[in-house]
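Remarks on the overall topology
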Amino acid sequence: MPPLPRPRRIVGVSTKMYFDLQSTLSYVRGMLQLDGDAWNARIDLFVIPDFVTLMASAEILQPSSIMLGAQDIFWEDKGAYTGEVSPLVVRQAGAKIVELGHAERRAMFGETDETAAKKAGAAARNGLIPLVCIGEKTHHSVASAAVGAAIQECTPQVNSVLAAVPDDAEVILAYEPVWAIGAAQPADPDHVVNVTKELRKLAAGRSGVTRILYGGSAGPGTFAKIAEGVDGLFLGRFAHDIHNLKKVIEEVGGA
Ligand SMILES: O=C(CO)COP(=O)(O)O
């Protein structure tokens, strides 16, 4: 069988909790300035700010094709869940994407494959695209062992999410090796390509679009080395300078 055509490329950035309110809004305004460039026809772009700036960000981005995301949701739409954020409300606020299962949420806030899967189902039910972060915790020093161990650890993370969303729902999987997040540089390109090629097979039978991103200290120069395995990048710190984001967009968009 010939390989399936690859989906449209996509680049996005999470502000995590790095910015204050005004900094987030000026960053989002900066992204708006990038809209309309030549990349627009070739790739999708998204930004995931904190919850509090979601509606103001939606208003800023309204004239553009840049997609807005939220950093988490709860798996129920309404009810007695103090402190949680409803997927319904996130959708109504203007988000199209919801990030789930990030390593920081798994490590610090009790997120598991099970909760990420329930939230992915809730996202799809509310017309949101689940962007689920997956990745192995530790890095083996022998390259071949590292690939096998990563695939073994990521497979149930992927399968639990895919089992929880309708077959035709769009899904984004962000391969983010935990050890490569917040690091000086991204994971070794061969490692990323070898792992993501295998992970793509897990979604091969789906009718919905499944895109695979790489995240973890990604920035300008990262994409070209791993393009064989991934459909784009999910960026953190190194895209919080809008000039770096512009460079990445040009690289991924092939401008
Ligand atoms: O976690 C990440 C994106 O979700 C990546 O963060 P850094 O690029 O800052 O390592």
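If you look the protein up in an unreviewed UniProt entry, it shows as Triosephosphate isomerase from Periconia digitata. The Sequence similarities (unreviewed entry) field of the UniProt record for the protein holds the comment "Belongs to the triosephosphate isomerase family." The heading Catalytic activity (unreviewed entry) in the UniProt record of the protein holds the text "D-glyceraldehyde 3-phosphate = dihydroxyacetone phosphate".

This paragraph deals with the overall build of the protein. When helices and strands are tallied, the protein shows 9 helices and 8 strands. The principal-axis extents of the C-alpha atoms in the protein amount to approximately 45 × 45 × 35 Å. Across the 255 residues of the protein, 51% fall into the buried class. Of the contacts formed within the protein by residues at least 6 apart in sequence, a portion of 73% connects residues at least 24 apart. As displayed, the protein offers around 11600 Å² of accessible surface, 56% of which is attributable to carbon and sulfur atoms.

The final tally for this structure, using the stated rule, is 5 aromatic pairs. When the ring centre of W75 is taken as origin, the NZ or CZ atom of K118, which lies over that ring, is 4.0 Å away. A cation over a ring is seen here: R237 above F238, with NZ or CZ 4.4 Å from the ring centre.

A positive phi angle is found at K16, which is not glycine, with a value near 45°. Within the element layout of this structure, K16 appears in the loop between β1 (9–14) and α1 (21–34). The phi dihedral of S217 falls on the positive side, at around 60°, and the residue is not glycine. Topologically, S217 is positioned in the loop between β7 (210–215) and α8 (223–226).

Another aspect to go through is the site of the ligand. Every residue close to the ligand is listed here: K16, H102, E176, I181, G182, G216, S217, A218, F234, G236 and R237. A distance of 2.7 Å separates an oxygen atom of the ligand from a polar atom in the backbone of G182. At a separation of 3.3 Å, an oxygen atom of the ligand approaches a polar backbone atom of G236. Burial of the ligand by the protein amounts to 100% of the accessible area it has alone, namely 300 Å².

This next bit is on the packing of α1 against helix α9 (residues 242–253). It is the contact of α1 with α9, at a shortest axis distance of 10 Å, that shows an interaxial angle of 35°. The two elements α1 and α9 cross, and the hand of that crossing is right-handed. On the side of α1, the interface is formed by Y27, G30, M31 and L34, while α9 contributes I242, L245, K246 and I249. The residue makeup of the contact of α1 with α9, split by class, is 6 nonpolar, 1 polar and 1 charged.

Our focus in this paragraph is a nonpolar patch on the surface. A cluster of nonpolar side chains, namely L21, F51 and V52, defines an oily patch on the protein surface of about 290 Å² accessible area. Mapped onto the secondary structure, F51 falls in the loop between β2 (43–48) and α2 (54–61). Classification of F51 by relative accessible area gives partly exposed; the value is 35%.

Our focus in this paragraph is the pattern of salt bridges. A complete count under the given rule lists 14 salt bridges for this structure. The partner of D72 in a salt bridge is R105, and the shortest N-O contact between them spans 3.4 Å. With a gap of 33 residues between them, D72 in the loop between β3 (67–70) and α3 (87–92) and R105 in helix α4 (residues 103–108) connect regions that are remote in the sequence.

Take the sheet that holds strand β6 (residues 171–175) next. Judged by pairing direction, the barrel is parallel, and its 8 strands sit side by side in the order β1-β2-β3-β4-β5-β6-β7-β8 before closing back on the first. Direction aside, neighbouring strands of the sheet carry axes that sit 25° apart on average. Two elements, β3 and strand β4 (residues 97–100), share 2 bridges in a ladder whose sense is parallel. Directly across from A70, in β4, lies its bridge partner V98. The sheet contacts of α9 involve β1, β2 and β8 (232–235), and relative to β1 the element is tilted by about 165°.

Strand residues, when the strand is regular, have side chains that alternate between the two faces of the sheet. Burial along β4 is two-sided: the face carrying I97 and E99 and the face carrying V98 and L100 are both buried. Bridge analysis of β4 against strand β5 (residues 129–134) gives 4 bridges, and the strand direction is parallel. In the strand pairing of β5, V98 is matched with P130.

Parameters and conventions
Residues numbered from 1 in each chain as written. Predicted model: local features only at pLDDT ≥ 70, side-chain atom pairs only at ≥ 80, totals over all residues. Heavy atoms only, no water. UniProt positions renumbered as here; feature names shortened; annotations may be inferred. Helix = DSSP H or I, 4+ residues; strand = E, 2+ residues; numbered from the N terminus. Buried < 20%, exposed > 50% of the residue type's maximum accessible area, 1.4 Å probe, protein only. Contact = heavy atoms within 4.5 Å. Areas by Shrake-Rupley, 256 points an atom, 1.4 Å probe, with all protein chains shown as cover. Phe/Tyr/Trp six-rings, centres within 6.5 Å; stacked < 30°, edge-to-face > 60°. Lys NZ or Arg CZ within 6 Å of the ring centre and 35° of its normal. Near = heavy atom within 4 Å. Polar contact = N/O pair within 3.5 Å; in protein donor to acceptor, adjacent residues only side chain to side chain. Axes fitted to C-alpha atoms, helices over the stretch in contact; angles between N-to-C directions. Left-handed = near helix turned anticlockwise from the far one by under 90°. Nonpolar A, V, L, I, M, F, W, Y, C, P; charged D, E, K, R; others polar. Patch = residues over 30% accessible without salt bridge, like charges linked within 9 Å, V, L, I, M, F, W, Y side chains within 5 Å. Salt bridge = Lys/Arg side-chain N within 4 Å of Asp/Glu carboxyl O. Pairing = 2+ DSSP bridges.

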